[in-house]
Amino acid sequence: MSKQGIRTPSWKRELRATLALAWPLILTNLTMASVQAIDTFFIGRYGTSELAAVALGLNLTFALNLIALGIITAASPMMATALGRGRGRVKDVRRSFRQSVWLAMTVTVPLWAVLMNADTVINWLGQDPALADNAQVFLWGYLWSTFLFLLFNALRHFLAALERPGWILVISAAAIPINSLLDYALIFGELGAPEFGVFGAGIASTITWLLLAAAMIIVVLTDRQFRRFHLFARFWKPDWARYRRMWKLGLPIGLAMGFEGGIFSAAAYLMGLVSEDALAAHAIALQIAALSFMVPWGIAQAATVRVGIMLGRGDKEGIAQAGWTAWILAVGFMSFMAFFLFLFPEELIGLFLADTPENASVLALGASFLIVAAIFQIVDGAQVVGAGILRGLHDTRVPMIFTFVGYWLIGIGVGAWLAFEAGWDGVGIWTGLAVGLAIVAVLMLGRWLMRERLGLTEDEASKKISAPPVD
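Residues numbered from 1 in each chain as written. Predicted model: local features only at pLDDT ≥ 70, side-chain atom pairs only at ≥ 80, totals over all residues. Heavy atoms only, no water.

Participant: Any chance you could break down the nonpolar core for me, citing the residues and the numbers?
Facilitator: Phe 158 and Trp 430 are the most contacted members of the largest nonpolar core, which has 147 residues in total. If you tally residues by element for this core, the top one is helix 13 (residues 276–313), at 22 residues. Beyond its immediate chain neighbours, meaning those up to four positions away, Trp 430 contacts Met 271, His 282, Ala 285, Leu 286, Phe 369, Val 372, Ala 373 and Phe 376. (Core = buried A, V, L, I, M, F, W, Y, C linked by side-chain atoms within 4.5 Å. Buried < 20%, exposed > 50% of the residue type's maximum accessible area, 1.4 Å probe, protein only. Helix = DSSP H or I, 4+ residues; strand = E, 2+ residues; numbered from the N terminus. Contact = heavy atoms within 4.5 Å.)

Written as structure tokens, this is what we have:
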């Protein structure tokens, strides 16, 4: 029982609560990931060279978007803990939401600056200049979606903290038909639209995120269970105490997510040094692995909220139940996916390619990559849920160090050595990814096991957040 006299849920009730919150977040993650997957699907049918160029552009923006997303993710555990404490929760939640949007605006400007010069960055990384130029064309259409993506996620964190994810699912599900229709029209010049090729894929994504963000704003302004928070009232008024607190909590989250996403982006650029076919195969295999990853990521997001609520209540038993429930769900699902990818690698890769002789090499390479991806599915699920439950305890700095060491000092180093020194080529790069994920998973689990000894289960964060409320 918590210090506030609130009874700890049973394991069965915790499982139901976690699943009730997680499954809409999982489906939302899947639909969000489908925006890039749909771009890859249509571009793959437009041309192999175009697919390789878009892969370079997407991998660059993916790493940057993850850093920005991680920074604003600080709002999720902060809002959850405020709701768990109960006192003054409406004002506290509003403060965190507002500053998450301020953070989104802050990080978008430098992000745009990088993407506007992406061809220079990609050339500097040793890629084919023609591919770099085409990647920049794609990003001129795509980069405007970045703030819209962050705004959508700020609103998503608010609804998830309230454990009301239904609207998130309904709205994000619309991304699949909207983006598919726009890609079909703008890439190939169908339905009366001009043929924009790779630029059309970027524009399609921007329009999609604009519509999704607008729909979420309408919901929080009109639905009575949300409008009482008055999220946008006097939005222009600064709240520097909360802004600084969110930077302190969110920057390590952003860097950790950037280190994780960045290793896959770095792998794409290493693939570009192997061959254009290897890069195209990597883009497809990564999209498949990313779709699978959306499930444990959604469970991890639910775990952040559930652990954060229990932290606010001072319920250590509840913290343990919430964390272990999420961990078992995530690892169990990814064990199943490992088996599935191992059995059907060629069939899955073939979904993204036209059945032509020139694509035979890409198909074979992609299938070999998925065999390795099947192996690291389990540790990928373990590490992401490990980060999620620690995030619920407002523990972000040490996990950030774990990700840097595991992914960049070990994972990418092992992958590069196996690819270019041991002669494993693309399979070596994917093996390095698996090694890095495994190391981070072990480190995250070890820190979770030591949570009470390290004092992570005490709601110290609430003492640091205190400042005159800003309305």
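What follows picks up the thread again.
Participant: Please set out the pattern of salt bridges residue by residue, giving values where relevant.
Facilitator: A full pass over the atoms with the stated rule returns 5 salt bridges. Close ionic contact of Arg 306 with Glu 14 constitutes a salt bridge, the shortest N to O distance being 2.9 Å. Here Glu 14 lies in helix 1 (residues 11–46) and Arg 306 lies in helix 13, a separation of 292 residues in the sequence. When sorted by exposure, Arg 306 lands in the same class as Glu 14, which is buried. In this structure, Asp 239 engages Arg 95 in a salt bridge whose closest nitrogen and oxygen atoms are separated by 2.8 Å. (Salt bridge = Lys/Arg side-chain N within 4 Å of Asp/Glu carboxyl O.)

Participant: Describe the side chain of Asn 65, listing the residues and the values that go with them.
Facilitator: Within the secondary structure, Asn 65 is located in helix 2 (residues 48–72). Excluding residues within four positions of it along the chain, Asn 65 makes contact with Leu 111, Tyr 142, Thr 146, Phe 149 and Leu 150.

Participant: Quick one: what's the story with unusual backbone geometry, residue by residue and with numbers?
Facilitator: In this structure, Leu 191 is a non-glycine residue whose phi angle is positive, near 60°. Within the secondary structure, Leu 191 sits in the loop between helix 9 (175–188) and helix 10 (198–222). Exposure remark for Leu 191: the relative accessible area of 60% places this residue in the exposed category.

Participant: Outline the environment of Ala 330, listing residues and values.
Facilitator: Tracing the backbone shows Ala 330 in helix 14 (residues 316–343). Considered as a pair, Ala 330 and Gly 298 are 32 residues apart in the sequence and their alpha carbons are 9.1 Å apart.

Participant: Kindly report on the packing of aromatic side chains, identifying the contributing residues and their values.
Facilitator: Each aromatic ring pair is summarised here by two numbers: the centre-to-centre distance and the angle between the ring planes. One pass over the structure, following the stated rule, counts 23 aromatic pairs. Aromatic side chains Phe 158 and Phe 229 sit 5.2 Å apart centroid to centroid with 80° between the ring planes, which places their arrangement in the edge-to-face category. One end of the pair, Phe 158, is in helix 7 (residues 145–161); the other, Phe 229, is in the loop between helix 11 (224–227) and helix 12 (240–274), and 71 residues separate them in sequence. A single burial state applies to Phe 158 and to Phe 229, both of which are buried. Taking 5.6 Å as the distance between ring centres and 90° as the angle between the ring planes, the aromatic pair formed by Trp 240 and Tyr 243 counts as edge-to-face. Within this pair, Trp 240 and its partner Tyr 243 are both found in helix 12, separated by 3 residues, close to a single helical turn. (Phe/Tyr/Trp six-rings, centres within 6.5 Å; stacked < 30°, edge-to-face > 60°.)

Participant: Go over the packing of helix 1 against helix 8 (residues 166–173) with me, naming the residues and quoting the values.
Facilitator: Their axes nearest at 8 Å, the elements helix 1 and helix 8 cross at an angle of 20°. The orientation of helix 1 relative to helix 8 falls into the category roughly parallel. At the point where helix 1 passes helix 8, the crossing takes the left-handed sense. Contacts between helix 1 and helix 8 pair Trp 23, Pro 24, Leu 25, Leu 27, Thr 28 and Thr 31 from the former with Ile 168, Leu 169, Ser 172 and Ala 173 from the latter. Tallied by class, the residues present in the contact of helix 1 with helix 8 amount to 7 nonpolar, 3 polar and no charged. (Axes fitted to C-alpha atoms, helices over the stretch in contact; angles between N-to-C directions. Parallel < 35°, antiparallel > 145°, perpendicular 65-115°, else oblique. Left-handed = near helix turned anticlockwise from the far one by under 90°. Nonpolar A, V, L, I, M, F, W, Y, C, P; charged D, E, K, R; others polar.)

Participant: Please give an account of the packing of helix 1 against helix 7 that cites residues and values.
Facilitator: As a packed pair, helix 1 and helix 7 sit with axes 12 Å apart at the nearest point and diverge in direction by 170°. Comparing their axes, helix 7 and helix 1 come out roughly antiparallel. Residues Leu 21, Leu 25, Thr 28, Asn 29 and Met 32 of helix 1 lie in contact with helix 7, whose contacting residues are Phe 149, Phe 152, Asn 153, Arg 156 and Ala 160. Counted by class, the contact of helix 1 with helix 7 contains 6 nonpolar, 3 polar and 1 charged residues.

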